[in-house]
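For reference, the chains in residue letters:
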Amino acid sequence: MIRLATFAICVWIVIGDISEGSSNFLTGANDIIAVVDEDGDIKASPFNVQFGKKDIWLPRSGHVVSLEVNEKDVPVGMVLDNEGQAYFPTLKSDGSSNRQYRFWSALLGMGNPSPKHRTNSATSSQLSRFGLQMGPNPILYRVTTSSGSIVTTSAVIHLMNNTAKLVVSDIDGTVTRSNIRGMILPALGLSDWKHNGVVELYRKIANQGYQIVYLTNRAIGQSDMTREYIYSLAETPYEMPRGPVLLQVESLLGAFQTEVIKGQPEVNKIAALSRVKGLFPENPFFSGFGNKAWDILAYKALNIDPDMIFSVGEDSILISEGTRIFTNYTDLMERVSIMYPLLNL
C-alpha cells in the first residue's frame, strides 16, 4: 500500500508538471566539485540549486538564500529568480546579499536581474569564506519565506586537489540494470535493482585513490532521492564510495523526456563534464562507465582513453570502447590494481 501511494505521488508530480507547464515543482541541489591549487585558490563547479513550487508556493523571485557549510553560517548569500533557481548577485563586491523580498515585484515578474548581474558560479574570494576542508563539506541552503516558513535543501561540496583523477559513472542502466526501471523502482522502495559487483568494483577503484563522480540526467528535484539510493547500496563488506552527484537542472518530466524519449542527454552531460574539466590544469578524467551510446560519446568528447571507457549491458557484461573486449565486474576487480594504478594521495 505504501509503495502504491508513493507511485501515485510520483505520477501526480509528473501530471502536475504537464498541466501547469512547471519546470521546477520539486526542490533539490547538485553537489559541487571544488578544486584547490598550489596557491590555495579555489574554483568550483556551478551551485545549481532549485526551490520548487511544492515548498514555496509564493512567487519566488527575490527570496534570499542563506548558506551553511559544515554546520556554520557563511557570509555569502544567493537569491531566487522567478523559476526558483538560486544565483549569486554580481553587483555587490563582497559577495553577500542584503536584498529584501518584494511580493508584487515577484508576482509581476519584475524581480529578476539582467543575466550580466547574476551567476551560479562562486568566485574564489567567496569560496575562501566557506571554511572548506579537504573531502566532503555538507552545504545547507535555507530560505525563509515572506509567510515565515523555512525551506531547506542540502548538497555536498567535495574539495579536492587539482591533481585528482576522476572516474565518471552514469547511474540509470549503469549502476542500476535499466534506465526506466532504475529511475522508478527506487521510488517504490525497490532499491536493489543494481548490477551485482558494481559496489565492490567502485569501492576498490576509490581505494586506489580515484574520485567517483555520479552523473545522471535525473532531474535536480530528485537529488535527495538519488543520493540516498546511491549511498544505500552495499555488497558486504563494501559500501558505495561517496562522490559528487550531478543531476540535470530541469523538471522531472523534462529529464525523463531527455533520457528516455528524445535520447539526447549527451549534450547536457558533455556540458556538465566540460565545466568540471575546466577546474583542473590537466584533464582529470581517467575512466568512464555508461550504458548508452550517448554516455560513450560524452566520455570520448572529454578525451577519456577509449580503453578505459566501459559500456555496461543489462546482463552486467562490460565492453571496453577501445579494445572491444568483453569483460565483467569480477574480471575488472581482479585487475583493478593494474588498470587503476595506485595514486599518491
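This text goes with the structure placed above it.
This structure is a prediction, so every number in the text was calculated from the model and none was measured. (Residues numbered from 1 in each chain as written. Predicted model: local features only at pLDDT ≥ 70, side-chain atom pairs only at ≥ 80, totals over all residues. Heavy atoms only, no water.)

## Considerations on the nonpolar core
And then number 1: Phe47, Phe130 and Tyr141 are the most contacted members of the largest nonpolar core, which has 30 residues in total.
And then number 2: Elements that contribute at least two residues to this core include exactly β2 (32-36), β3 (42-44), β5 (64-69), β6 (72-80), β7 (86-89), β9 (135-144) and β10 (150-161).
And then number 3: Val167, Ile230, Phe289 and Leu332 belong to the second largest nonpolar core, which has 28 residues in total. (Core = buried A, V, L, I, M, F, W, Y, C linked by side-chain atoms within 4.5 Å. Buried < 20%, exposed > 50% of the residue type's maximum accessible area, 1.4 Å probe, protein only. Helix = DSSP H or I, 4+ residues; strand = E, 2+ residues; numbered from the N terminus.)

## A short note on the side chain of Ser316
And then number 1: Inspection of the secondary structure puts Ser316 in the loop between β17 (309-312) and β18 (317-320).
And then number 2: Apart from residues no more than four positions distant in its own chain, Ser316 is found in contact with His195, Asn196, Asn328 and Tyr329. (Contact = heavy atoms within 4.5 Å.)

## A closer look at the packing of helix α8 (residues 266-277) against helix α9 (residues 293-301)
And then number 1: Contact geometry for α8 and α9: axes closest at 9 Å, N-to-C directions at 30 degrees. On the basis of the axis angle, α8 is roughly parallel to α9. Crossing hand, α8 versus α9: right-handed. Counting all contacts with α8, which are made through Glu266, Lys269, Ile270 and Leu273, the residues of α9 involved are Trp294, Asp295, Leu297, Ala298, Tyr299 and Ala301.
And then number 2: Looking at side-chain class alone, the contact of α8 with α9 contains 7 nonpolar, no polar and 3 charged residues. (Axes fitted to C-alpha atoms, helices over the stretch in contact; angles between N-to-C directions. Parallel < 35°, antiparallel > 145°, perpendicular 65-115°, else oblique. Left-handed = near helix turned anticlockwise from the far one by under 90°. Nonpolar A, V, L, I, M, F, W, Y, C, P; charged D, E, K, R; others polar.)

## Some details on the environment of Pro281
And then number 1: In this fold, Pro281 is placed in the loop between α8 and β16 (285-290).
And then number 2: Residue Pro281 is classed as exposed on the basis of its relative accessible area, which comes to 61%.
And then number 3: When the C-alpha positions of Pro281 and Asp37 are compared, they lie 9.0 Å apart, and in sequence the two are 244 residues distant.

## Notes on the pairing of β7
And then number 1: With 2 bridges joining them, β6 and β7 adopt antiparallel strand pairing. Bridge pairing in β7 places Leu80 opposite Ala86.
And then number 2: Strand direction decides the pairing type here: β7 and strand β8 (residues 118-119), joined by 2 bridges, are antiparallel. Across the sheet, residue Pro89 finds its bridge partner in β8, namely Arg118. (Pairing = 2+ DSSP bridges.)

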